[in-house]
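# Analysis of the macromolecular model
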Amino acid sequence: MNTLVLIRIALRSIRKNKTRTLLTMLGIIIGVAAVIVMVALGQGAKEQIRSRIDSLGSNLVVITPGASKSGGVSQGAGSMNRLTLLDAETLTRESMWLSSVSPLIVAPAHAVGGSGNWRVGVSGVSAEYATIRNWEVSAGRLFDETEVRAMRKVCVLGKTVVDNLFAEQDPVGQQIILRDVPFEIIGVLEPKGQTAEGRDQDDTILAPYTTVKTRLAGRQFIPMILGATDNKADVPAALTEAKAILRETHGLASYDDDDFTVRDQNELAETAEGATEVMTLLLAAIAGVSLLVGGIGIMNIMLVSVTERTREIGIRMAVGARGGDVLMQFLIEAIVMSLFGGLIGVAAGYGGSALLEKFTGWDTVITPQLVAISLGFSAAVGIFFGFYPARKAAALDPIEALRYE
Amino acid sequence: MADSQAVIRIEELTRTYSEGDTAVHALRHVDLSVNPGEMLAIMGASGSGKSTLMNLLGCLDRPSSGRYRLDGLRVDEMNRRELADIRNTRIGFVFQGFNLLARTSALDNVELPLLYDRRGPKVDRVKLARAALERVGLADRLHHQPSELSGGQQQRVAIARALVMQPALLLADEPTGNLDTRTSLEVMALFQELNQAGMTILLVTHEHDIAECAGRLVELRDGKILRDQPVEARRDAVAELRDLPAGADE
Ligand SMILES: Nc1ncnc2c1ncn2[C@@H]1O[C@H](COP(=O)(O)OP(=O)(O)O)[C@@H](O)[C@H]1O
Ligand SMILES: [Mg+2]
């Protein structure tokens, strides 16, 4: 008996009963589509995080307060673990590998200027900050080191701030009042979009950290120090060096743990991706369950179909079908239906992802591997859940099957 | 009669059905031999074991005890798979209720045994199926489904299916049971033609005039052979059909 003939028998039987076939496939279609959409969402999120972290800058070294736990997740910055301006200045002075260093002081401020007012975080940074972040101005200029040292009241506005305060005018050269202190606007930053966490990077004002520290009173803290090397290859050395310098500055004994965390861009990405990885797995697991339920659906309908088709099985056996032929026929029917259901599911998954992207703006990414795995999985579901009903059909006695009413 | 060339040779064949505590002795120690080219009718009251015997002879069922040789082969000792191949290649079986696949064309129904044929070279299945349907006079009904055919036509499709593998033995359990007189006569005429061409035929019937188309008559009662004798005045269904006024029933 050749397999081709069996496949033809199975296809004939599938075609003869379209409703049953569709019902059987429905579970698989939904399951596979769910898997595709869920995983596509997860992969989309991951890709987005990657590109956002790349948008932070290149050859980046990021220093944050607090010790890092295993796995790279930083613990909440306790009051004991603080980064200071001294740390930033020491790094600027002593580091051989870091070609540029900038602290990041964030002072929340009420900004008044142009056509209204706006609550914004003012970032106190060094003149090198824009270089580190690969950030350029779209109008005007950035402040330089002299201005930082001179504590000049100059600032550069992010796109969002400009949109909200200077909708129809050129802000460069105008004044903006930050916490009652007038600053001169010397430039406007290029739009940069959101951070990995979804924060609007353009809703910011950059000013010399010296000015921010002295002029903008209030709760000040340094959430991070940023540095950059000239070459990617120098990043590991810079990490080690920065660690050593900070340990010395913080006066840590050899048995003390670091009270800060030094990471490069990759580690930053991995930390952020770690969370989405878990999410993706979770989503895929949920979708996998629905695929499993689809498989059980196949088994159900196949079992009913074996009972319903007892006479047919009897007739086939009476004219010479072996048990194995009947087994293969039902198995192939199950596999063809689940594979076909899988194909429709993949198409539905593509459609669903496209719709989701259109209506929510979330990125989705469907890789060929995802499609291959989904199809492989649905074939496996067909074999697994088709086997029991198929074996039941094959074990029938010809005369019993023929007598069945 | 029991020579070594017998197509069918059964000895002490017994079939007992167990229904809960009670046992139904459907067939008790039956001996029977059938030679090549014979046409044999089996008669008997309802419940006398005719179908049980036919199912055993057709390898659809297995005896509780006794021996069954088909073309000299010990069929009673074969496994499921060997029996399937025997049914496929050596026996054509015609049922009272036709047993055609629903929603399947006559051609596909007749092709069915060929799909399960594992012997040697590839054959042109459609051509063989078409030839078998032509043989039973259904050349113009190839693509009709059973529901689109009369009872007589359905039975002829079933006969074509039984013939398509060209078996030496044709078994028919009340083949005319669901058919009117004229159609019955047509089926018997077909059987007589096949028998004349050398095919061994066993058929079960209730009706004496159907049985008289055979050359030998076996009568069963309570699972035993009551009588086994040649038919004295054998009817010629072919000739009778020729003399019948045309278009009476169909
Ligand atoms: N599957 C079965 N289970 C139990 N008893 C059966 C079965 N098939 C037939 N019988 C019994 O065996 C006897 C012979 O039946 P059967 O061979 O069908 O008779 P016939 O075909 O001559 O009418 C009857 O008493 C019937 O009730
Ligand atoms: Mg009967």
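Cut-offs and rules
Throughout this description, residue numbers start from 1 for each chain and increase along the sequence as written. For naming, the first written chain is A and the first written ligand is 1, with later ones following in the order written. The predicted origin of the model limits local features to residues at a pLDDT of at least 70 and limits the giving and counting of side-chain atom pairs to 80 or more, whereas totals for whole chains, interfaces and linings rest on all residues. Values shown for side chains rest on all heavy atoms present in the structure; no hydrogens or waters enter the calculation. Strands are runs of DSSP state E lasting at least two residues, helices are runs of H or I lasting at least four, and both sets are numbered from the N terminus onward. Here the term buried applies to any residue with accessible area under 20% of the maximum for its type, exposed to any over 50%, and partly exposed to those in between, with areas from a 1.4 Å probe on protein chains only. Between two residues, a contact is recorded if the distance between any of their heavy atoms is within 4.5 Å. Only the C-alpha atoms count toward the radius of gyration. The rule for a globule is 2.2 Å times the residue count to the power 0.38. Surface accessibility in these figures is a Shrake-Rupley result with a 1.4 Å probe; residues are shielded only by whichever protein chains are displayed. Under the counting rule used here, the positive set is Lys and Arg, the negative set is Asp and Glu, and His together with the chain ends is not counted. For the purpose of locating charges, the reference atoms are NZ of Lys, CZ of Arg, CG of Asp and CD of Glu. We call two N or O atoms a polar contact when they sit within 3.5 Å, provided that within protein one can donate a hydrogen and the other can accept it, with sequence-adjacent residues counted only if both atoms are side-chain atoms. A domain assignment, automatic or from a database, supplies the domain bounds used here. A 1.4 Å probe defines the accessible area here, and the buried area is the portion of it lost by two parts on being joined, summed over both. The rule for a salt bridge is simple: a side-chain nitrogen of Lys or Arg has to be within 4 Å of a carboxyl oxygen of Asp or Glu. All amino acids are sorted into three groups, where Ala, Val, Leu, Ile, Met, Phe, Trp, Tyr, Cys and Pro are nonpolar, Asp, Glu, Lys and Arg are charged, and the leftover types, Gly among them, are polar. Whether a residue is near a molecule or strand depends on its heavy atoms: if one lies within 4 Å, it is near. Like-charged residues are merged into a patch within 9 Å and nonpolar side chains (Val, Leu, Ile, Met, Phe, Trp, Tyr) within 5 Å, provided each residue has over 30% relative accessible area and no salt bridge. When DSSP locates at least two bridges between a pair of strands, those strands are taken to pair. Angular values range over 0 to 180 degrees, each being the angle between N-to-C directions of two axes fitted as lines to C-alpha atoms, with helices fitted over their stretch in contact. Only rings of Phe, Tyr and Trp enter the pairing, Trp through its six-membered ring, and a pair is recorded when the two centres are within 6.5 Å. The plane angle decides the type: under 30 degrees is stacked, over 60 is edge-to-face, the rest tilted.

## Looking at the overall build of chain B
A tally of regular secondary structure across chain B gives eight helices and 10 strands. With the C-alpha coordinates aligned to their principal axes, the bounding extent of chain B is approximately 50 × 45 × 40 Å. Burial analysis of chain B (250 residues in total) assigns 54% to the buried set. Pairs at least 24 residues apart make up 70% of the contacts formed inside chain B by residues separated by at least 6 positions.

## Digging into the overall build of chain A
When you go through chain A residue by residue, the secondary structure sums to 13 helices and 10 strands. A compact globule built from 405 residues would reach a C-alpha radius of gyration of about 22 Å, whereas chain A, at 32 Å, exceeds it by more than 25%. Along the three orthogonal principal directions, the C-alpha set of chain A runs to about 100 × 60 × 35 Å. Burial statistics for chain A: of 405 residues in total, 47% are counted as buried. Within chain A, counting contacts between residues at least 6 apart in sequence, those at least 24 apart form 78% of the total. Carbon and sulfur atoms make up 60% of the accessible area of chain A, which amounts to about 19000 Å² in all. Side-chain charges in chain A split into 37 positive and 42 negative, and the spacing between the mean points of these groups amounts to 11 Å.

## Some remarks on the side chain of Q201 of chain A
All names here are of chain A. Checked against the element boundaries, Q201 lands in the loop between strand 7 (181-189) and strand 8 (204-208). Polar contacts involving the side chain of Q201 include one to the side chain of R133, which spans 2.5 Å. Leaving out residues up to four positions away in the same chain, Q201 has contacts with S55, L56, R133, W135, K192, G193, Q194 and T195.

## Some details on the domain arrangement of chain B
Residue and element names in this part refer to chain B. Each assigned domain of chain B is listed here: domain 1 (8-90 + 167-243) and domain 2 (98-162). For domain 1 and domain 2, the distance between their C-alpha centroids amounts to 22 Å. On the domain 2 side, the residues contacting the 15 residues of domain 1 number 14 residues. Between domain 1 and domain 2, the buried area comes to about 1100 Å², and carbon and sulfur atoms account for 63% of it. Taken together, domain 1 and domain 2 are joined by two salt bridges. Note that D85 and R118 form a salt bridge whose closest N and O atoms lie 3.9 Å from each other. Here domain 1 is connected to domain 2 by three residue pairs in polar contact (both at pLDDT 80 or more). At the level of elements, helix 2 (80-89) and helix 6 (181-196) are the ones that each hand at least two residues to the side of domain 1 that touches domain 2. A per-element tally of the side of domain 1 that touches domain 2 places helix 6 first, with seven residues. Partitioned by chemical class, the residues of the side of domain 1 that touches domain 2 number eight nonpolar, four polar and three charged.

## Topic: the site of ligand 1
Every one of the 13 residues lining ligand 1 counts as a neighbour, but R403 of chain A together with G47, K50, S51 and T52 of chain B are closest to it. The site occupied by ligand 1 is bordered by residues of chains A and B. At 2.8 Å, a side-chain N or O of R403 of chain A approaches a nitrogen atom of ligand 1. Contact between ligand 1 and K50 of chain B: an oxygen atom at 2.9 Å from a main-chain N or O atom of the residue.

## Quick word on the interface of chain A and chain B
Between chain A and chain B, the residue contacts involve 29 residues of the former and 27 residues of the latter. Carbon and sulfur atoms make up 49% of the area that chain A and chain B hide from each other, which totals about 2500 Å². Where chain A packs against chain B, one counts six salt bridges. Residue D325 of chain A pairs with R118 of chain B through a salt bridge whose shortest N-O separation is 2.5 Å.

## So, a nonpolar patch on the surface
Where nonpolar side chains cluster on the molecular surface, the patch consists of L4, I7 and L11 of chain A and spans about 260 Å² of accessible area. Tracing the backbone shows I7 of chain A in helix 1 (residues 3-16).

## Considering the sheet that holds strand 5 (residues 73-74) of chain B
Residue and element names in this part refer to chain B. Here we have four strands laid out as an open sheet, ordered 2-1-4-5, and antiparallel in their pairing. Edge strands, defined here as strands with exactly one partner in the open sheet, are strand 2 (22-34) and strand 5. As defined by bridge partners, strand 1 (residues 8-19) adjoins strand 4 (residues 65-70) across five bridges and the pair is classed as antiparallel. Bridging across to strand 4, I10 finds its partner in Y68. Across the sheet, helix 1 (residues 50-57) lies against strand 1, strand 2 and strand 4, angled at about 120° from strand 1, the strand it touches most.

## Topic: the packing of aromatic side chains
On inspection of all chains with the given rule, the structure shows two aromatic pairs over all chains. Measuring from centroid to centroid gives 5.0 Å for F384 of chain A and F385 of chain A, while their planes differ by 85°, and the two rings are edge-to-face. By relative accessible area, F384 of chain A is classed as exposed at 61%. Owing to a relative accessible area of 9%, F385 of chain A belongs among the buried residues under this scheme. Residues F93 of chain B and F95 of chain B carry aromatic rings whose centres are separated by 4.8 Å and whose planes lie at 35° to one another, so their mutual orientation is tilted. Here the two residues F93 of chain B and F95 of chain B agree in accessibility, since each one is buried.

## Observations concerning the pairing of strand 1 (residues 60-65) of chain A
Residue and element names in this part refer to chain A. For strand 1, a buried count of six out of six residues is recorded, marking the element as mostly surrounded by other parts of the structure. Relative to strand 10 (residues 260-264), strand 1 is paired through five bridges, and the arrangement is antiparallel. Residue pairing in the sheet places P65 in a bridge with F260 of strand 10.

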